[in-house]
Amino acid sequence: MALLQIFDPKAKPAPIGIDLGTTHSLVARVVDNRPECLITCDGSPLLPSVVHYMEHGGVLVGSEALRKAALFPKETLISVKRFMGRGADDAETRRLGPYTFVGAEGASNTVRFQVHQRAVTPVEVSAEILRALKTRAEETMRTVGGAVITVPAYFDDAQRQATRDAGRLAGLEVLRLLNEPTAAALAYGLDKGRTKGTFAVYDFGGGTFDITVLVLDDGVFEVRATGGDAQLGGDDIDRALAGTFLSEMNAAEAPSAELIRVALLAARAAKHALTDAEETEVSIAREGGEVWRTTLTRARFEALVAPVVERTGPVVRRALRDAGLKAEALDGVILVGGSTRVPLVRRFVETLFQQTPLADIDPDQVVALGAAIQANLLAGDHDGEEALILDVTPLSLGLETMGGIAEKILPRNTTIPAGRAQVFTTYADNQTGFVVHVVQGERELAADNRSLARFTLKGIPPMPAGAARLEVTFRVDADGLLTVRAHEQTTGVEQSIEVTPSYGLHADDIEKMLLDSFEHAEDDLQVRQLQERIVEAEQVIAATEKALTRDGDLLDEDERAELDGALGALRGAIAQRNKELLKLRTEGLDRASLPLAERRMNRAVRDAMKGHALQEFEEQVKDRPLHPHLVAAPTPDDA
């Protein structure tokens, strides 16, 4: 006989954990210190991540929406997570589904779907899924507190901000965004009583792939390295199969949106069936009522989708290198995500890591369970020891400095939350502002990295080059969101910005960033050193010309001719862009300008000492700081 749940009206709202997945989403809570997923009336914890927009304004979410997909492919949005943080002009966007896209509003580049007479964004669609999960929780718990929502470890700032915005739009108090692999490790670490060990979390979901290497040490989860592909998952297996079906049907050329959707649904059904069966029947209804049929064996299925699965291999090996570990040094490999149910994937993981992976917690539920544990910890509703989670940044964050150089302030795999400050100075005289250009990536030049944001700090009084001191502080919070603060120390002028670009990195861009950083490391270093010497040479030329304008009379005719010759030689070296020649010519100008520097110093001292005693100057020079060697770009008005 079932027991009735007694509701206490005085009880405070309970926290929840949400796995906002590409294919399915779940909501979980903690009861008696054990996490559990909340189930629907049909007994399943899985809510299909599908939203159908009805003609007269109604919205269906989950299984009801999925049943509309074949008939209304453009109005039924599936796998919307893959659009989170993407740009409307991204070519890959158009390949992800049979949808109609509309132009962005204003300066925004956000993806917008045309459904009937309205346009909706991925944030709004995701909010509908989150709202349905919140309703499910309220039906069970009556009142819902804060929520921890999980995201792929390789989501960038734009994608994380889009997820947080979706939670707020759904009426949730978002306590934290938690990386999915870390959530899975949290569920395993606390649920299974493990206290120490080094683990890899292989998270192959419907739309994303993540690999995380972490160390569990008495309740502390320290992420050593993370990697992944935000556009690789079970959907790609479905697309590979559907493409084969359409080709064999002789319908690969300009198929209708309805036929594409039916083929994708048939591919997903075949994938699920072949998890247990050796073969399955596939049938696809064509326009006009004709039905195409075929028998798909597991062996042929695996041959077709093997290239998709093998794309996870290089990402895994790179994460292990970043962590400084070999596969055999791991204490366990945790499987996460529905795609890890595919027998080919499990065999591939076993070969890759040389050990049988852990899958004793349902890979579909483990992330939601970990999110519920974290929500419970954040809300203080727990007994016993807390868990400390130390995640990392997936890519380096930094600024563009003079010469187009990318100065890394927070290197990739920095433990978060993190904050770091660096001081810059001005390049030109009378510079009244700074352009702060925030970049993300591993290359030495800003142009080769991804631009995150730009903002201008104005209101700086005119000062000589090198006199202003700009302190730039990067802070990445526990959700992985970046805030940049710029503070001019001599005047107190400051500005800050939360970095929320309108669209995110394409997965190929992320992969290319890392591969290029390795492949071009030596070339990038040479280019950076060349740019630094050009900047140094230009500064020396500017300073020398300024000195000549003011005190050129201190040189005789031969000395002036020698100095002018050294200036011309250095300008020629800049034009030739020769690093070694720049070094020689800069040293030559330094030698030629030495008489002028000495005489200027003597003149300045004589002028300053007139009418004063030596003791008056002692306090002024005491503990004076040196200028930093880096320079910030001038504002457009100053350039």
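Here's what I pulled together on the structure shown here. (Residues numbered from 1 in each chain as written. Predicted model: local features only at pLDDT ≥ 70, side-chain atom pairs only at ≥ 80, totals over all residues. Heavy atoms only, no water.)

Ordered by their spatial adjacency, three strands build an open sheet running β6-β5-β7, and the pairing between neighbours is antiparallel. What marks the edges here is a single partner per strand, and that holds for β6 (59-61) and β7 (76-78). Averaged over all adjacent pairs, the angle separating strand axes in this sheet is 15°, with direction ignored. With three bridges joining them, strand β5 (residues 50-53) and β6 adopt antiparallel strand pairing. Looking at the pairing, H52 lines up with L60 of β6. Here helix α2 (residues 122-141) sits on the sheet and contacts β5, β6 and β7; the angle it forms with β5, its principal contact strand, is near 110°. (Pairing = 2+ DSSP bridges. Helix = DSSP H or I, 4+ residues; strand = E, 2+ residues; numbered from the N terminus. Axes fitted to C-alpha atoms, helices over the stretch in contact; angles between N-to-C directions. Contact = heavy atoms within 4.5 Å.)

Glancing now at the packing of α2 against helix α3 (residues 157-169). Between α2 and α3, the least distance of the axes is 8 Å, while the angle of their chain directions is 50°. On the basis of the axis angle, α2 is oblique to α3. Here α2 runs over α3; the crossing is right-handed. Two secondary-structure elements touch here, α2 through V123, E124, S126, A127, L130 and R131 and α3 through A162, D165, A166, G167 and L169. By residue class, the composition of the contact of α2 with α3 is six nonpolar, two polar and three charged. (Parallel < 35°, antiparallel > 145°, perpendicular 65-115°, else oblique. Left-handed = near helix turned anticlockwise from the far one by under 90°. Nonpolar A, V, L, I, M, F, W, Y, C, P; charged D, E, K, R; others polar.)

Moving on to the packing of aromatic side chains. Per the stated rule, a full pass over the model turns up seven aromatic pairs. Considering the side-chain rings of F101 and F113, the 5.6 Å spacing of their centres and the 40° angle between planes classify their relative orientation as tilted. Separated by twelve residues along the polypeptide, F101 in the loop between β7 and β8 (113-115) and F113 in strand β8 bring together distant segments of the chain. Per residue, the accessibility class of F101 equals that of F113, and both read buried. Between Y202 and F209 the ring centres are 4.9 Å apart and the planes differ by 65°, which places this aromatic pair in the edge-to-face class. Clustering of aromatic rings is evident, with ring pairs tying together F83, F101 and F113. (Phe/Tyr/Trp six-rings, centres within 6.5 Å; stacked < 30°, edge-to-face > 60°. Buried < 20%, exposed > 50% of the residue type's maximum accessible area, 1.4 Å probe, protein only.)

An α-helical turn contains 3.6 residues, so a residue and the one three or four places further along point in the same direction. For helix α8 (residues 312-323), built from twelve residues, the straight-helix expectation of 16 Å at 1.5 Å per residue is met to within 8% by its first-to-last C-alpha distance of 17 Å. Buried residues of α8: T312, G313, V315, V316, R318, A319, L320 and A323, and no others. Once α8 ends, the next one or two residues include G324, with phi positive near 70°. (Expected span 1.5 Å × (residues − 1).)

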